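Next come the chains, spelled out residue by residue.
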Amino acid sequence: MEYEILELSRLPWMQFELKGHFPQLAGVYVCADNWSVIYVGRTKNLRQRFYQHHKIADMVELGITKVHFRFVLDNDVRELSRLEKLFIDAFEPPLNRIARSKRRKW
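Below is a short write-up of the structure. (Residues numbered from 1 in each chain as written. Predicted model: local features only at pLDDT ≥ 70, side-chain atom pairs only at ≥ 80, totals over all residues. Heavy atoms only, no water.)

## Some details on unusual backbone geometry
Then step 1. Its identity is not glycine, yet Glu92 carries a phi of approximately 45 degrees, on the positive side.
Then step 2. Within the secondary structure, Glu92 is located in the loop between helix 3 (77-91) and helix 4 (94-98). (Helix = DSSP H or I, 4+ residues; strand = E, 2+ residues; numbered from the N terminus.)

## Quick look at the nonpolar core
Then step 1. Ranked by internal contacts, the top residues of the largest apolar core, which has 15 residues, are Cys31, Phe50, Met59 and Val67.
Then step 2. Of all the secondary structure elements, the ones that give two or more residues to this core are strand 2 (27-32), strand 3 (37-43), helix 1 (46-52), helix 2 (56-61) and strand 4 (66-71).
Then step 3. Dropping the residues within four chain positions of it, Met59 is found in contact with Cys31, Tyr39, Phe50, His53, Ile64 and Leu95. (Core = buried A, V, L, I, M, F, W, Y, C linked by side-chain atoms within 4.5 Å. Buried < 20%, exposed > 50% of the residue type's maximum accessible area, 1.4 Å probe, protein only. Contact = heavy atoms within 4.5 Å.)

## Structural notes on the packing of aromatic side chains
Then step 1. Taken as a whole and assessed by the stated rule, the structure comprises seven aromatic pairs.
Then step 2. Each ring, one from Phe87 and one from Phe91, has its centre 6.3 Å from the other, and the planes form 15 degrees; the classification is stacked. One end of the pair is Phe87 and the other is Phe91, both in helix 3 and four residues apart, which spans about a single turn.
Then step 3. Here Phe87 falls in the buried class, since its relative accessible area comes to 0%.
Then step 4. Assessed through its relative accessible area of 30%, Phe91 is described here as partly exposed.
Then step 5. An aromatic cluster of three or more residues is present, and its members are Phe16, Phe22, Tyr29, Tyr39, Phe50, Phe69 and Phe71.
Then step 6. Across from the ring centre of Phe16, 4.8 Å away, lies the NZ or CZ of Lys19, which sits over that ring.
Then step 7. Its guanidinium or amino end placed over the ring of Trp13, Lys66 lies 4.8 Å from that ring's centre, counting from NZ or CZ. (Phe/Tyr/Trp six-rings, centres within 6.5 Å; stacked < 30°, edge-to-face > 60°. Lys NZ or Arg CZ within 6 Å of the ring centre and 35° of its normal.)

## Considering the environment of Asp76
Then step 1. Examined against the element boundaries, Asp76 turns out to sit in the loop between strand 4 and helix 3.
Then step 2. Each C-alpha atom of the pair Asp76 and Gly27 lies 8.9 Å from the other, and the pair is 49 residues apart in sequence.
Then step 3. Side-chain polar atoms of Asp76 contact the backbone nitrogen of Glu79, separated by 3.1 Å. (Polar contact = N/O pair within 3.5 Å; in protein donor to acceptor, adjacent residues only side chain to side chain.)

Spelled out as structure tokens, the structure:
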């Protein structure tokens, strides 16, 4: 079922402080603290994204501890957008609500 992917316990994850070792793959990422989802985004390269992310300071301030991943093969932009929206609609992360009108377009 589609909503099984929303179970964070089923997704691979890494501690936020290990961002220098994140995979260099395309996908949707879910940033969380120990209790809730803080931010959801999409990228063509997860490791590179966290070196240039415009919300890093906000994530650190809100206590992000781990990043869950849902990888997408072949940089499928439509699938990245669809999955990102699915996760945002399900979890309503606070950092996504702040700038929802300023979504990037690929």
